[in-house]
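# Secondary and tertiary structure notes
Take a look at the letters that make up each chain.
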Amino acid sequence: MQFETINPPKVADVIVNQIEQLILEGVLKPGERLPPERELAQKFNVSRPSLREAITTLKSRGLLQSRRGGGSYVVDVIAPGLTNPLIELLKNHPKAMFDVLELRHALEEVAAYFAALRATGADREILQRRFAELEAIQKGKHEPQHDAVVDAGFHLAIADASHNVALIHVMRGLFDLLLSHINRSLERLYTREDNYVIIHSQHQAVLEAVLKRDPEAARQAAHVHLAFVETTLRELDEEATRQTRAQRRLQDNVNIETST
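Residues numbered from 1 in each chain as written. Predicted model: local features only at pLDDT ≥ 70, side-chain atom pairs only at ≥ 80, totals over all residues. Heavy atoms only, no water.

### Quick notes on the overall build of the protein
- The secondary structure content of the protein amounts to 11 helices and 2 strands.
- Going from N to C terminus, the protein has its helices and strands arranged as α-α-α-β-β-α-α-α-α-α-α-α-α.
- Per-residue burial over the protein gives 38% buried out of 260 residues.
- With an accessible surface of roughly 15200 Å², the protein has 52% of that area assigned to carbon and sulfur atoms. (Helix = DSSP H or I, 4+ residues; strand = E, 2+ residues; numbered from the N terminus. Buried < 20%, exposed > 50% of the residue type's maximum accessible area, 1.4 Å probe, protein only. Areas by Shrake-Rupley, 256 points an atom, 1.4 Å probe, with all protein chains shown as cover.)

In structure tokens form, the structure reads like this:
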């Protein structure tokens, strides 16, 4: 009987594997700076040459990059090619907002479903903290730009709790697009005072379904929330169109009366 020799893995390869896993799981986020070399070597309990070799490997794989001023940063491997054009499209063509809503529907219903199935105790605590931040903005002066950051943070926490690494990275890669969309939505939704309370209750329904570990209820709550946003935005669009049309007719009447 022949046995194959088992070679222990190189220390640098073990470090690479651990950092890749942290990036994959979303623990190390795009743009995040790694701790200084000395501190990181101590955390891994490895020599600095082994750590440098691992960092070099990760940079060659496009997962880390150096920046002016020193340090190694996690590369955003999804967002640059996908997010920026969509953000510009959204800014220049407001109707594209509904395309973003369709995308959010697909992603966030799935995220809520799996969050209800898989959320750990730590995830549940994070979700309750993000929801507490949502409650805080209900009591203060509403500022769409700030509120959008808090709102997006809650939705991203739901995605994190799904423990689907592909979904987590897509959602985080789309963060700027999500933030831009929520900001524009809130600016318009908050023109109706009742929407503050309605949207907050919808967020609460998603949270409660996740905490109760009810995936179908979580999916439905996410659907109800996004369907409400879409319906309300379409109604506001129609109201704006009617206002513009009526103002145009009024101006035409004024011009006719002036000419006579």
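Anyway, onward from the coordinates.
### Some remarks on the packing of helix 7 (residues 144-161) against helix 10 (residues 195-211)
- Here helix 7 crosses helix 10 at 25 degrees, and the two axes come no closer than 12 Å. The orientation of helix 7 relative to helix 10 falls into the category roughly parallel. Helix 10 is crossed by helix 7, and the crossing has left-handed handedness. Note on element contacts: helix 10 touches helix 7 through His203, Val206, Leu207 and Val210, opposite Asp151, Phe154, His155 and Ile158.
- Its residues assigned to classes, the contact of helix 7 with helix 10 shows 5 nonpolar, 2 polar and 1 charged. (Axes fitted to C-alpha atoms, helices over the stretch in contact; angles between N-to-C directions. Parallel < 35°, antiparallel > 145°, perpendicular 65-115°, else oblique. Left-handed = near helix turned anticlockwise from the far one by under 90°. Contact = heavy atoms within 4.5 Å. Nonpolar A, V, L, I, M, F, W, Y, C, P; charged D, E, K, R; others polar.)

### Some thoughts on the nonpolar core
- Judged by nonpolar contacts, the single largest core of 46 residues is most densely connected at Leu127, Ile158, Met171, Val210 and Leu233.
- With sequence-adjacent residues up to four places away left out, Leu127 is seen in contact with Phe154, Ala157, Ile158, Ala161, Leu207 and Val210.
- Counting residues in each nonpolar core, the second largest holds 18 residues, with Val16, Leu28, Ala41 and Val74 among its members. (Core = buried A, V, L, I, M, F, W, Y, C linked by side-chain atoms within 4.5 Å.)

### Comments concerning the pattern of salt bridges
- Under the criterion given, the structure shown has 11 salt bridges.
- The partner of Arg130 in a salt bridge is Glu133, and the shortest N-O contact between them spans 3.0 Å. With Arg130 and Glu133 both in helix 6 (residues 121-139), this residue pair falls 3 residues apart, about one helical turn.
- Between Asp160 and Arg172 there is a salt bridge, with its nearest N and O atoms 2.5 Å apart. Of the two residues, Asp160 sits in helix 7 while Arg172 sits in helix 8 (residues 165-173), which places them 12 residues apart along the sequence.
- Under the relative-accessibility criterion, Asp160 is labelled partly exposed at 24%.
- Of the residues examined, Arg172 reaches a relative accessible area of 21% and is grouped as partly exposed.
- Here the salt bridges do not stand alone but share partners, grouping Glu37, Arg48 and Arg52 into one network. (Salt bridge = Lys/Arg side-chain N within 4 Å of Asp/Glu carboxyl O.)

### Notes on the environment of Asp13
- Tracing the backbone shows Asp13 in helix 1 (residues 11-24).
- Of the residues examined, Asp13 reaches a relative accessible area of 42% and is grouped as partly exposed.
- Separated by 41 residues in the primary sequence, Asp13 and Ala54 place their C-alpha atoms 6.6 Å from one another.

### What about unusual backbone geometry?
- In the Ramachandran plot, His163 falls in the positive-phi region, its phi being about 55 degrees despite a non-glycine side chain.
- Structurally, His163 is set in the loop between helix 7 and helix 8.
- His163 gets classed as partly exposed once you look at its relative accessible area, which sits at 42%.
- Although it is not a glycine, Arg213 adopts a positive phi angle of roughly 60 degrees.
- Tracing the chain through its elements places Arg213 in the loop between helix 10 and helix 11 (215-259).

### Comments concerning the packing of aromatic side chains
- The full count for this structure, using the stated rule, is 2 aromatic pairs.
- Consider the rings of Tyr113 and Phe114, whose centres lie 5.3 Å apart with planes at 85 degrees: the pair is edge-to-face.
- Pairing Phe131 with Phe154 gives two aromatic rings, centres 6.3 Å apart and planes at 55 degrees, and the pair type is tilted. On the criterion of sequence distance, the pair formed by Phe131 in helix 6 and Phe154 in helix 7 is long-range, its members being 23 residues apart.
- The exposure class assigned to Phe154 is buried, which follows from its relative accessible area of 1%.
- Directly above the aromatic system of Tyr73 lies the positively charged group of Arg67, at a separation of 4.2 Å from the ring centroid. (Phe/Tyr/Trp six-rings, centres within 6.5 Å; stacked < 30°, edge-to-face > 60°. Lys NZ or Arg CZ within 6 Å of the ring centre and 35° of its normal.)

Purely spatial values, then, with no claim about function.
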